[in-house]
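A look at the structure
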Amino acid sequence: MKVKKPRPVNLDLQTIRFPLPAIASILHRVSGVITFVSVAILLWLLSISLSSPEGFASAASIADSFFVKFILWGVLTALFYHIVVGVRHLLMDMGYFEEMETGIASTKVSFVIVAVLSVFAGGLVW
Ligand code: HEM
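Residues numbered from 1 in each chain as written. Predicted model: local features only at pLDDT ≥ 70, side-chain atom pairs only at ≥ 80, totals over all residues. Heavy atoms only, no water.

**Things to note about the overall build of the protein**
Where we set the bar: Put simply, DSSP marks the helices as runs of H or I at least four residues long and the strands as runs of E at least two long, and each gets a number from the N terminus on. Working definition: with a 1.4 Å probe on protein chains only, accessible area under 20% of the residue-type maximum means buried, over 50% means exposed, and in between means partly exposed. Computed by Shrake-Rupley with a 1.4 Å probe, the accessible areas treat only the displayed protein chains as cover when residues are assessed. Asp and Glu are treated as the negative residues and Lys and Arg as the positive ones, with His and the ends of the chain left uncounted. Where a charge sits is defined by one atom per residue type, namely NZ (Lys), CZ (Arg), CG (Asp) or CD (Glu).
Helix and strand counts for the protein come out as 4 helices and 0 strands. When the helices and strands of the protein are placed in sequence order, the string is α-α-α-α. The dimensions of the protein, computed from C-alpha atoms along their principal axes, are 75 × 35 × 25 Å. Expressed as a percentage of its 126 residues, the buried residues of the protein come to 25%. When the accessible area of the protein is evaluated, it comes to approximately 9,500 Å², of which 74% is carbon and sulfur surface. Both charge centroids of the protein, one from 9 positive and one from 7 negative side chains, sit 19 Å from each other.

In structure tokens, the structure reads:
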């Protein structure tokens, strides 16, 4: 079929403005992937720590560096983000927050909850 008038096409990602719920959705997928990868690493660390008293000591020394603590904090923040925004997603599946205004408001509330939990995660790690 031939289109008479060419339709406007904008594939330049740098000029597309995403609404806040769209950004939250993309980050939710990213946080899911981070959680998926980190589960394997955390299980490996757990198995070392449970293997023997020496194993526990070496797992504790691995987790003692600033770099590893920073990664652990990031992993916990990604997990909290995934859970909080995931619950919001499930509420949307039930029919809540489907309009643009409530969608944006619930996204902002989710971000604030995640920020608080992220500070809490920092307290746990350090
Ligand atoms: C080890 C734990 C978890 C892992 C590795 C994980 C991983 C993922 C990944 C990779 C996705 C993206 C799928 C996609 O966008 O195609 C996803 C989606 C989702 N996750 Fe998780 N997840 C975990 C725990 C949870 C928890 C505790 C919740 C609780 C609310 C949750 C809620 C959701 C929801 C609602 C979606 C669908 C989002 C959508 O349809 O766009 N997840 N998860």
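Here the narrative resumes, following the displayed structure.
**Considerations on a negative patch on the surface**
Filter applied, for reference: Note that patches include only residues with greater than 30% relative accessible area and no salt bridge, and the join distances are 9 Å for like charges and 5 Å for nonpolar side chains (Val, Leu, Ile, Met, Phe, Trp, Tyr). A side-chain nitrogen of Lys or Arg and a carboxyl oxygen of Asp or Glu constitute a salt bridge if their distance falls within 4 Å.
Together, D93, E98, E99 and E101 line one region of the surface with negative charge. Among the structural elements, E99 can be located in the loop between α3 (66–93) and α4 (100–125). On the basis of relative accessible area, E99 is assigned to the exposed category, the value being 52%.

**So, the site of the ligand**
Basically, it comes down to this: By convention in these notes, a residue is near a molecule or strand provided one of its non-hydrogen atoms lies within 4 Å of it. Definition of a polar contact: a pair of N or O atoms within 3.5 Å, with one able to donate and the other able to accept a hydrogen when the atoms are protein atoms, and with sequence-neighbouring residues admitted only if both atoms are side-chain atoms. The residue classification treats Ala, Val, Leu, Ile, Met, Phe, Trp, Tyr, Cys and Pro as nonpolar and Asp, Glu, Lys and Arg as charged. All others, Gly included, are polar.
Taken together, 13 residues surround the ligand, and among them H28, R29, F36, H82 and H89 come closest. H82 has a polar side-chain atom sitting 2.8 Å from a nitrogen atom of the ligand. Those elements that place two or more of their residues in the shell around the ligand are α1 (20–51) and α3. Of the residues forming the shell around the ligand, the biggest block, 7 residues, is contributed by α1. A class-by-class count of the residues in the shell around the ligand yields 6 nonpolar, 6 polar and 1 charged.

**Description of a nonpolar patch on the surface**
A grouping of L13, I16, F18, I23, I26, L27, V30 and I34 is seen on the molecular surface, where their side chains present a nonpolar patch of about 660 Å² in accessible area. As for its position among the elements, L13 is in the segment before α1. L13 gets classed as exposed once you look at its relative accessible area, which sits at 60%.

**What to know about the environment of W126**
Let me state the cut-off plainly: Whether two residues are in contact is decided by their heavy atoms, any of which lying within 4.5 Å being enough.
Among the structural elements, W126 can be located in the segment after α4. For the pair W126 and D64, spaced 62 residues apart in sequence, the C-alpha to C-alpha distance is 9.3 Å. Dropping the residues within four chain positions of it, W126 is found in contact with F66, K69, F70 and W73.

**Section: the packing of α3 against α4**
Keep this limit in mind: An axis is simply a line fitted to the C-alpha atoms; with a helix, the fit covers only the stretch in contact. Between two such axes, the angle follows the N-to-C directions and lies from 0 to 180 degrees. These descriptions rest on fixed angle ranges, namely under 35 degrees for roughly parallel, over 145 for roughly antiparallel, 65 to 115 for roughly perpendicular, and the rest for oblique. Crossing handedness follows the turn of the near helix against the far one: under a right angle anticlockwise gives a left-handed crossing, and clockwise gives a right-handed one.
Closest axis-to-axis distance for the α3/α4 pair is 9 Å, and the angle between their directions is 150 degrees. The orientation of α3 with respect to α4, classified from their angle, is roughly antiparallel. As α3 packs across α4, the resulting crossing turns out to be right-handed. Taken together, the residues of the contact of α3 with α4 sort by class into 14 nonpolar, 7 polar and 2 charged.

**Thoughts on the packing of aromatic side chains**
Cut-off, in case you're wondering: In this scheme Phe, Tyr and Trp rings, the latter by its six-membered ring, pair at centre separations within 6.5 Å, and the angle between planes marks the pair as stacked below 30 degrees, edge-to-face above 60, and tilted otherwise.
Enumeration over the complete set of coordinates arrives at 5 aromatic pairs. Their ring planes at 35 degrees and their centres at 5.7 Å tell us that F66 and W126 sit as a pair that is tilted. Placement of F66 in helix α3 and of W126 in the segment after α4 is noted, with a sequence separation of 60 residues between them. For F66, a relative accessible area of 59% translates into the label exposed. For the pair F70 and W73, a centre-to-centre distance of 5.7 Å together with 40 degrees between the ring planes defines the contact as tilted. Separated by 3 residues within a single helix, F70 and W73 lie in helix α3, roughly one turn from each other. Note on W73: relative accessible area 26%, which makes it partly exposed.

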